[in-house]
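This is what each chain is made of:
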Amino acid sequence: MVRDRRLFLAATLIDALGSGLWVPFALLFLVHGQGLGLVDAGTSLSTGAVLALVTGPAAGVAMDRFGPRALLVAGNLVRLGAFCAYPFVHSGWQVVVVSAVAGFGDRLFWTCNAPMAARLAGGRDTDRVLATQTAGRFAGAGVGAAAMAVLPTFTSPWAFHLLAYVNAASFAVAAVLIRLLPRAEARADSPAGSWRAVLGDRPFTGFCVTHLAFTFASASKFAVLPIVVRDLLHGPQWIAGTAITLGTVVVVTTQRPVVAVLARRSRTAGLIGAAVLFAACFALLIPLEAVPLGVATGLILAASVGFSVAEAMFGPTATAAAAEAAPPGAEGRASSIFQLSWGLPVALAPGLLSLLLTAGNALTWSVLALTCAAAVPALLALRNRLPAALREPSPPVPA
């Protein structure tokens, strides 16, 4: 089991680093490598990502039928094909198709990732495995963001094509490693999965709805910060850049220690703490326009650290909790519903935040703070209705 866990972790770390590295380069690739306009490239990527979201339920049904290992391998192979195709796209509709295919591979991966981790690790070890994955994903994004300061000076298309092919190769390696894992199919005594079992489980669906507050906070925490600094505070862009870089470093360095501390408490307690911390950090940003730029800079940097600790608290904890709370036999369907609570806020956040920001800085951060605060009573109401493993701390490790 230890060998299997290490293989799985190695495969998913390769996936996380590659995916994280690609995110900051996607637009650069399409604009400088493929010659698309900025608006066309951004709109096409977003359209493809939204279209891919609708494949989540199908991925869940497939996982319940074929098991998580087969779907994880398939997800990596689908993304291998998509990234091999990226160097050949030259129009908006082609980007929509290829990004939708890549997004479908993402849905397969994320639907099966937590259930597979739960089967290989179990208990609070699942949180630790997911925490390591999260650190890897943020590390990849951080490396990509840092490299953007240098690599855009190289505008030759072959350099961007090489990046796509290297990413494709990483998915091939991950697929091979996952193929070496045991099948981890559903047990013979598990009940047959059904959508009724998932959607009729009110504590589970309530948990997924509550989780929207966390994912909206995660998708929003830095999304409008560069615009706020430039257009409202009229400050230098290094403020936003430093805050985002600082946040990435904090997540990477504190993710595993934070999860180790939370292992001594219930998962719901950890999520409540994350909601309170998110709300407090958003509240720090409400008076940005009313204070001197130096004070505003300090508030932004302090909020960035707090955001990142809250991210480390809720991400692996919520994902492991959802995997544990899934109805037996319907883990794939349940995971696909939970993954929608990740995907929807990411897709909707840019438009919602734009509307809020037109009404003012204070309103934007106030709405985000209140949204996070609302998760606290929701979790308290759900606390006694969720499985015991979510309500109780993990047992002490034997000496």
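All of these numbers come straight from a predicted model, not from anything done at the bench.

Q: What's the story with the overall build of the chain in this structure? I'm lost.
A: Assigned secondary structure in the chain consists of 17 helices and zero strands. Counting over 399 residues, the chain shows a buried share of 49%. Restricting to contacts in the chain with at least 6 residues of sequence separation, those with at least 24 account for 86%. Carbon and sulfur atoms provide 71% of the accessible area of the chain, an area that totals close to 16900 Å².

Q: Please clarify how the packing of helix H2 (residues 26-33) against helix H8 (residues 157-179) should be interpreted in this entry.
A: For the pair H2 and H8, interaxial distance at closest approach is 9 Å and the crossing angle is 145 degrees. Handedness of the crossing formed by H2 with H8: left-handed. Across the interface between the two elements, Leu28, Phe29, His32 and Gly33 of H2 pack against Pro157, Phe160, His161 and Ala164 of H8. Among the residues making up the contact of H2 with H8, the classes are represented as five nonpolar, three polar and no charged.

Q: Before we go on, may I ask you to explain the nonpolar core in this structure?
A: The nonpolar side chains of a soluble globular protein tend to be buried, and buried together. Counting 60 residues, the largest nonpolar core has Phe207, Phe214, Phe278, Phe282, Leu288 and Ile300 as the members making the most contacts within it. Those elements that provide at least two residues to this core are helix H10 (202-220), helix H11 (225-232), helix H12 (238-262), helix H13 (267-284), helix H14 (293-325), helix H15 (331-359) and helix H16 (361-383). The dominant element in this core, judged by the number of residues it contributes, is H14, at 13 residues. Dropping the residues within four chain positions of it, Phe207 is found in contact with Leu271, Ala318, Ala321, Ala322, Phe338, Leu379, Leu382 and Leu386. Residues Ala59, Ala174, Ala175 and Leu177 belong to the second largest nonpolar core, which totals 24 residues.

Q: Would you mind showing me how to read the packing of aromatic side chains here?
A: One pass over the structure, following the stated rule, counts twelve aromatic pairs. A centroid spacing of 5.9 Å and a plane angle of 75 degrees characterise the contact between Phe29 and Tyr86, whose relative ring orientation is edge-to-face. In this pair, Phe29 is assigned in helix H2 and Tyr86 in the loop between helix H5 (68-85) and helix H6 (92-120), connecting sequence segments 57 residues apart. As far as burial versus exposure is concerned, Phe29 and Tyr86 are alike and both buried. When the ring of Phe109 is compared with that of Trp110, the centres are 4.8 Å apart and the planes differ by 80 degrees; the resulting orientation is edge-to-face. Feature note: the residues Phe214, Phe278, Phe282, Phe307, Phe314, Trp342 and Trp365 constitute an aromatic cluster, connected by ring pairs. Across the ring face of Trp195, the terminal group of Arg333 is positioned such that the distance to the ring centre comes to 5.7 Å.

Q: Can you walk me through the environment of Val2 in this structure?
A: Mapped onto the secondary structure, Val2 falls in helix H1 (residues 2-22). The class for Val2 is partly exposed, based on a relative accessible area of 48%. Separated by 118 residues in the primary sequence, Val2 and Leu120 have C-alpha atoms spaced 8.4 Å apart.

Q: Whenever I open this one, a nonpolar patch on the surface confuses me. Can you help?
A: A grouping of Val209, Leu212, Leu344, Leu348 and Leu352 is seen on the molecular surface, where their side chains present a nonpolar patch of about 420 Å² in accessible area. Only H10 and H15 provide two or more residues apiece to the nonpolar patch. If you tally residues by element for the nonpolar patch, the top one is H15, at three residues. Secondary-structure assignment places Leu212 in helix H10.

Q: Which parts of the structure should I look at to understand the side chain of Ser218?
A: Along the polypeptide, Ser218 turns up in helix H10. Overall, Ser218 belongs to the buried group, its relative accessible area being 13%. Dropping the residues within four chain positions of it, Ser218 is found in contact with Phe278, Glu311 and Phe314.

Q: Would you take a moment to explain the environment of Leu80 for this structure?
A: In this fold, Leu80 is placed in helix H5. A relative accessible area of 24% means that Leu80 is categorised as partly exposed. Distance from Leu80 to Ser170, taken between C-alpha atoms, is 8.1 Å for residues 90 residues apart in sequence. If we ignore the near neighbours within four places in the chain, the residues touching Leu80 are Ala168, Phe171 and Ala172.

Q: Help me out: how do you make sense of the packing of H13 against H14 in this one?
A: Each pair of packed helices can be summarised by the angle the axes make with each other and by the distance between the axes. Orientation of H13 relative to H14, taken along the N-to-C sense of each, is 155 degrees, at an axis distance of 8 Å. Between H13 and H14, the interaxial angle falls into the category roughly antiparallel. Two packed elements cross with a definite hand, and for H13 against H14 that hand is left-handed. Class assignment for the residues of the contact of H13 with H14 results in 18 nonpolar, four polar and three charged.

Q: Is there a simple way to explain the state of the cysteines in this structure?
A: Disulfide: a covalent bond connecting the sulfur atoms of a pair of cysteines. For the structure on display, the rule yields zero disulfides. Considering cysteine sulfurs only, Cys281 is the nearest to Cys372, which forms no disulfide, with 9.4 Å between them. Look at Cys372 and you get buried, because its relative accessible area is 3%.

Q: Sorry, what's going on with unusual backbone geometry here?
A: Phi is positive for His234, which is not a glycine, with a value near 55 degrees. Inspection of the secondary structure puts His234 in the loop between H11 and H12. Judged by its relative accessible area of 63%, His234 is exposed.

Q: Would you explain the pattern of salt bridges in this entry?
A: Between side chains of opposite charge, a pair can form when the charged atoms approach closely. Enumeration over the complete set of coordinates arrives at five salt bridges. Here Arg333 makes a salt bridge to Asp64, at a shortest N to O gap of 2.8 Å. One end of the pair, Arg333, is in helix H15; the other, Asp64, is in helix H4 (residues 56-66), and 269 residues separate them in sequence. With a relative accessible area of 12%, Arg333 lands in the buried category. Residue Asp64 is classed as buried on the basis of its relative accessible area, which comes to 18%. Among the ionic pairs, Asp127 bridges to Arg267, the shortest N-O distance being 2.6 Å. In this pair, Asp127 sits in helix H7 (residues 125-147) while Arg267 sits in helix H13, placing the two residues 140 residues apart along the sequence. We note that Asp127, like Arg267, is buried. Bridged by salt links that share partners, the residues Asp127, Arg267 and Glu324 form one connected network.

Parameters at a glance
- Residues numbered from 1 in each chain as written.
- Predicted model: local features only at pLDDT ≥ 70, side-chain atom pairs only at ≥ 80, totals over all residues.
- Heavy atoms only, no water.
- Helix = DSSP H or I, 4+ residues; strand = E, 2+ residues; numbered from the N terminus.
- Buried < 20%, exposed > 50% of the residue type's maximum accessible area, 1.4 Å probe, protein only.
- Contact = heavy atoms within 4.5 Å.
- Areas by Shrake-Rupley, 256 points an atom, 1.4 Å probe, with all protein chains shown as cover.
- Axes fitted to C-alpha atoms, helices over the stretch in contact; angles between N-to-C directions.
- Left-handed = near helix turned anticlockwise from the far one by under 90°.
- Nonpolar A, V, L, I, M, F, W, Y, C, P; charged D, E, K, R; others polar.
- Core = buried A, V, L, I, M, F, W, Y, C linked by side-chain atoms within 4.5 Å.
- Phe/Tyr/Trp six-rings, centres within 6.5 Å; stacked < 30°, edge-to-face > 60°.
- Lys NZ or Arg CZ within 6 Å of the ring centre and 35° of its normal.
- Patch = residues over 30% accessible without salt bridge, like charges linked within 9 Å, V, L, I, M, F, W, Y side chains within 5 Å.
- Salt bridge = Lys/Arg side-chain N within 4 Å of Asp/Glu carboxyl O.
- Parallel < 35°, antiparallel > 145°, perpendicular 65-115°, else oblique.
- Disulfide = S-S within 2.5 Å.

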